[in-house]
Amino acid sequence: MPVGIFRVCLVMITAIINHPLFFPKENGTVPENTEEIIQKMKEREESLRLEQLRLEQEIADQEARQKTLEKAAEVVKEKKEEKVRWDMWTALSMVIFLLIELWRQDFQEGNWQDTGGEEDDMAVLGKAFKGVAFPDKAVLASFYEKRILGTTGDMARMREMVEGFADDLLEALRSVCNRDADMEVEDCMGVGSMYENWRVRKPFVCDLIVPFAPPEPYCFRSQTWCSGDSFPPDEQGYGTIKVCRADEDVTGCICDKTKLGEDMLCLLHSQASTTKPSSEMEDLLCFKNTQYLDADQVMKWFQIAVTKAWNRISHKYEFDLSFSLLDSPGALKIKFRSGKSIAFNLTPVVQYENSDVYFISHFPRSGLAADLPSSTHWFLTFAVYERRFIQLVSKTLPANACHVSCLQILSFLHGKQCSLTGPSGLTNYHLKTVMLHLLQARPSQDWASEKLEARLQDMLKFLEKCLHEKKLYHFFIGNGKVPAELGFPSIFQRAEPLNLFRPFVLHRDVYRKTVDTFHEMLRNTSALINEYTVHVPLAHTNGIHKESL
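Residues numbered from 1 in each chain as written. Predicted model: local features only at pLDDT ≥ 70, side-chain atom pairs only at ≥ 80, totals over all residues. Heavy atoms only, no water.

## What to know about the overall build of the protein
When helices and strands are counted, the protein shows 17 helices and 10 strands. Looking at the 549 residues of the protein, the share that counts as buried comes to 40%. In the protein, the share of contacts with a sequence separation of at least 24, taken over all contacts with a separation of at least 6, comes to 71%. Summed over all atoms, the accessible surface of the protein reaches about 32,900 Å², with 55% contributed by carbon and sulfur. (Helix = DSSP H or I, 4+ residues; strand = E, 2+ residues; numbered from the N terminus. Buried < 20%, exposed > 50% of the residue type's maximum accessible area, 1.4 Å probe, protein only. Contact = heavy atoms within 4.5 Å. Areas by Shrake-Rupley, 256 points an atom, 1.4 Å probe, with all protein chains shown as cover.)

Have a look at this one:
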């Protein structure tokens, strides 16, 4: 029974599933417009093909543009690389050129002091000596004895008289000055040719320098061209002097070196403690509205003080004292009732730190020197060290050494030639510098008295070389071979060498005149010396030659 019921149910379920209403035939709903559908599909296929072609064209265009951009980038990169290579080569060439130039300058600067020690170099340099008849030893000895020694015998007596009067005058000057407000004047010192015993041309003039210092509580703080700050080339050899309070720290705060602005205040220095440019600073001989010492103001004060001092002591002397030259404020002249006169220079100076280098208010400069921008620039003089160096070296030279004789003869010849053809750019200081270089370069035995002729020719040839190169370096500045016994400040030894002939580069007309005067002096040397030489017997001349052999 149950099996029969199951079979009936299975038949009914099968009938229901196979009923046509539930599952219609597959082709019963196929539309009759099959061709229309196929046509639409072809149109769609064509549109897709056209779209594909358009997209392929755009992709090709983009690839072409990309290649163009890549090529342009490559060109730019190549140009940059080429420019970098060119800049590199240019920079490398400049570096090589600068290295060569520095090596050349270092080589010259390293050997400028040794030039006098090479006989071969001297022979090559003496081009201007060709065809020039130079006096022999006997003529030079006679000339020196007659013309030089015969006119310089009274220099010691003159120095003693001038120094004694200057001491008395400065003592009177201190008494008329206000010690609480005026500058404090120290004792004077003699410098220059009169005190180095090589002055030959009259009138004999003594050069005295007078150090001075500000009243308390002020002090001087100096700054030179080689102290680290930049100075123009035309101001090398100069410096400035600042007047400060002794308790003012000018190096520990930047408020004095930068402009803080009106609305800013330094917390270390109040307005009450800061030294301001005012009438008080002008009373301390500073330039207007600055703290820098003014050389013109110093000389005006010094002239007035000297005048007052002379009025106080004039009754003690039987001569008159006056300022002799307008362009040299410290030039004084003593006039005796007999008509004779004695000239001397009394120049105020400021000591550089604790050395014997001095800032000098007015220094006799040649026409080559350009005018300084202001009177706050002071020239540095090394005259004290120059005198000490000559004295130190003289102790190592043979008796009656000829170094001073050479300088005296050369100074005389140059002065005589200038009196005939007019002044030149050479000065006696240039000639003295040449002698200092050769004193250091040559051994002591080369300065024996019998070698006067050879050493004089060496000085002339060295001077000729310097004129040809337009380079004559200051003896002390940049010279690392200065004897330690002098106690010379190392800051100037480490400085770049100072070329005393630099103005010749800027003034070609003066340079040409100087060279012409020098060559004319060489040609006239024998005539100028023979004019002042007593006739020397032949036997005496032969005897001197035999002794030298």
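That shown, we press on.
## Section: the pairing of strand β3 (residues 205-213)
Within β3, seven of the nine residues are buried, leaving the element largely enclosed by the surrounding structure. The sheet contact formed by strand β1 (residues 184-185) and β3 spans two bridges and is antiparallel. Looking across to β3, one finds that V185 is bridged to F212. Examined bridge by bridge, strand β2 (residues 189-191) and β3 share three bridges and lie antiparallel to one another. Within β3, the position partnered with V191 by the bridge is D207. Two elements, β3 and strand β8 (residues 341-351), share seven bridges in a ladder whose sense is parallel. Among the inter-strand pairings, P211 is bridged to a residue of β8, identified as V349. (Pairing = 2+ DSSP bridges.)

## A short note on the nonpolar core
Formed by 112 residues in total, the largest nonpolar core has its most connected members in L169, L293, F344 and L346. Excluding its chain neighbours within four sequence positions, the residues that come into contact with L169 are V306, A309, W310, I313, L321, L332 and L346. Counting residues in hydrophobic clusters, the runner-up holds seven residues, among them V191, I209, Y358 and A383. (Core = buried A, V, L, I, M, F, W, Y, C linked by side-chain atoms within 4.5 Å.)

## A word on the packing of helix α10 (residues 403-421) against helix α11 (residues 428-441)
For the pair α10 and α11, the least separation of the axes is 10 Å and the interaxial angle reads 150 degrees. Relative to α11, α10 is oriented roughly antiparallel. Between α10 and α11 lies a crossing whose hand is right-handed. On α11, the residues that touch H403, L407, L410, S411 and H414 of α10 are N428, L431, K432, M435 and L439. Split by residue class, the contact of α10 with α11 holds five nonpolar, four polar and one charged. (Axes fitted to C-alpha atoms, helices over the stretch in contact; angles between N-to-C directions. Parallel < 35°, antiparallel > 145°, perpendicular 65-115°, else oblique. Left-handed = near helix turned anticlockwise from the far one by under 90°. Nonpolar A, V, L, I, M, F, W, Y, C, P; charged D, E, K, R; others polar.)

## Quick look at the packing of aromatic side chains
With the rule as written, the count across this model stands at 27 aromatic pairs. Where Y385 meets F488, the ring centres are 5.1 Å apart and the plane angle is 85 degrees; that geometry is what we call edge-to-face. On the criterion of sequence distance, the pair formed by Y385 in helix α9 (residues 383-394) and F488 in the loop between α12 (452-469) and α13 (490-493) is long-range, its members being 103 residues apart. On the basis of relative accessibility, which here comes to 2%, the residue Y385 falls in the buried class. Note on F488: relative accessible area 8%, which makes it buried. Between F501 and F504 the ring centres are 4.9 Å apart and the planes differ by 55 degrees, which places this aromatic pair in the tilted class. Judged by its relative accessible area of 1%, F501 falls in the buried class. (Phe/Tyr/Trp six-rings, centres within 6.5 Å; stacked < 30°, edge-to-face > 60°.)

## Concerning the environment of H519
Among the secondary structure elements, H519 is positioned in helix α15 (residues 508-523). For H519 and E464, which are 55 residues apart along the polypeptide, the C-alpha to C-alpha distance reads 8.9 Å.

## Regarding the packing of helix α4 (residues 137-148) against α10
With their axes 11 Å apart at the nearest point, α4 and α10 run at an angle of 75 degrees to one another. By the angle class used here, α4 and α10 are roughly perpendicular. On the side of α4, the interface is formed by L140, F143, Y144, R147 and I148, while α10 contributes S405, Q408, I409 and F412. Among the residues making up the contact of α4 with α10, the classes are represented as six nonpolar, two polar and one charged.

## Things to note about the confidence of the model for the protein
Close inspection of predicted coordinates is inappropriate in any region flagged by low pLDDT. Per-residue pLDDT for the protein has a mean of 79; in total, 74% of the residues score no lower than 70. Note on residues 25-31: pLDDT under 50 across the span, and zero contacts to partners over four residues away in sequence or across chains. Across residues 365-370, where pLDDT falls below 50, the model places seven contacts with residues more than four positions away in sequence or in other chains. (pLDDT = per-residue confidence, 0-100.)

## What to know about unusual backbone geometry
For the bond running from K202 to P203, omega is 0 degrees, close enough to zero to count as cis. With respect to the helices and strands, the residue P203 is situated in the loop between α6 (193-196) and β3. Note that the residue after E216, namely P217, is joined by a cis bond; omega there is 10 degrees. Within the secondary structure layout, P217 lies in the loop between β3 and β4 (218-224). A positive phi angle, near 65 degrees, is found at N197, a position not held by glycine. Along the chain, N197 falls in the loop between α6 and β3.

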